[in-house]
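# A look at the structure
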Amino acid sequence: MAKAIHTMIRVLDVDRSIDFYDKAFGLKVADHFDFESFALVYLRNDENDFEVELTLNKERSEPYSHGDGYGHVAVCVDDCASEHKRMADLGMSPTDVKEFNRDGALMARFFFVQDPDGYKIEVLERHGRFR
């Protein structure tokens, strides 16, 4: 059986991205590999071993295009409202908190925030299948 281990995103400013993911989600640098033309930085926290891999192509100066195929990465938190307020207070401009209901019951409570390179991150409250 396969185990998901990381998702990779391309960034223009690795320090700016490290700062964002630390402040937003408590992700810290687990490994950093510097090569002549690129660098790989792996971020994770103590809650799990799934990582975000930041890839910096050193010659790149233009923002990456996400096209119309990119979706999002999702994380779960204990309390959407408090995380939303915390991120708003940090100037991260999260979207409004939304709720999905199904058959009269809460299915999901969530909001989105974007990282410095425009990648969307869904922040879901721990509930039901999102734990």
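Look above for the structure.
So, a few notes on the structure that sits alongside this text.

The rules we used
Residues numbered from 1 in each chain as written. Predicted model: local features only at pLDDT ≥ 70, side-chain atom pairs only at ≥ 80, totals over all residues. Heavy atoms only, no water. Helix = DSSP H or I, 4+ residues; strand = E, 2+ residues; numbered from the N terminus. Buried < 20%, exposed > 50% of the residue type's maximum accessible area, 1.4 Å probe, protein only. Contact = heavy atoms within 4.5 Å. Areas by Shrake-Rupley, 256 points an atom, 1.4 Å probe, with all protein chains shown as cover. Lys, Arg positive; Asp, Glu negative; His and termini not counted. Charge placed at Lys NZ, Arg CZ, Asp CG, Glu CD. 1 Å grid on protein atoms, 1.4 Å probe; cavity = no way out; pocket = protein on both sides within 12 Å on 5 of 7 lines; lining within 4 Å. Points joined across faces, edges and corners; volume = space filled by probe spheres on them. Nonpolar A, V, L, I, M, F, W, Y, C, P; charged D, E, K, R; others polar. Polar contact = N/O pair within 3.5 Å; in protein donor to acceptor, adjacent residues only side chain to side chain. Axes fitted to C-alpha atoms, helices over the stretch in contact; angles between N-to-C directions.

Along the backbone of the chain there are two helices and eight strands. Ordering the α and β elements of the chain from the N terminus gives β-α-β-β-β-β-α-β-β-β. For the chain, the spread of C-alpha atoms along the principal axes amounts to about 55 × 35 × 30 Å. A buried classification covers 31% of the 131 residues belonging to the chain. In the chain, once contacts between residues fewer than 6 apart in sequence are set aside, the share between residues at least 24 apart is 50%. In the structure as shown, the chain presents an accessible area of about 8400 Å², 49% of it carried by carbon and sulfur atoms. If the 17 positive side-chain charges of the chain are averaged to one point and the 26 negative ones to another, these points end up 4 Å apart.

The next subject is the layout of surface pockets. Here the largest pocket defines a volume of roughly 520 Å³. Lining the largest pocket are 28 residues, with Leu 27, Asn 45, Asn 48, Val 75 and Cys 76 sitting closest to its centre. Listing elements by their share of the lining of the largest pocket, those giving two or more residues are β1 (6-11), α1 (14-25), β3 (38-44), β4 (51-57), β5 (73-77) and β8 (120-125). Per-element accounting of the lining of the largest pocket gives the leading share, five residues, to β5. The residue inventory of the lining of the largest pocket, partitioned by class, reads 16 nonpolar, four polar and eight charged.

Take Arg 109: it is sitting in strand β7 (residues 105-114). Residue classification places Arg 109 among the partly exposed positions, given a relative accessible area of 23%. Taking the C-alpha atoms as reference points, Arg 109 and Arg 126, separated by 17 residues in sequence, lie 8.4 Å from one another. Filtering out sequence-adjacent residues up to four positions away, Arg 109 remains in contact with Cys 80, Val 97, Lys 98, Glu 99, Val 123, Leu 124 and Glu 125. Side-chain polar atoms of Arg 109 contact the side chain of Glu 99, separated by 2.8 Å. A distance of 2.5 Å separates a polar atom in the side chain of Arg 109 from a polar atom in the side chain of Glu 125.

One can describe the packing of α1 onto helix α2 (residues 80-89) by two numbers: an axis separation of 10 Å at closest approach and a directional angle of 145 degrees. Where α1 abuts α2, its residues Lys 23, Ala 24 and Phe 25 lie against Glu 83, Arg 86 and Met 87.

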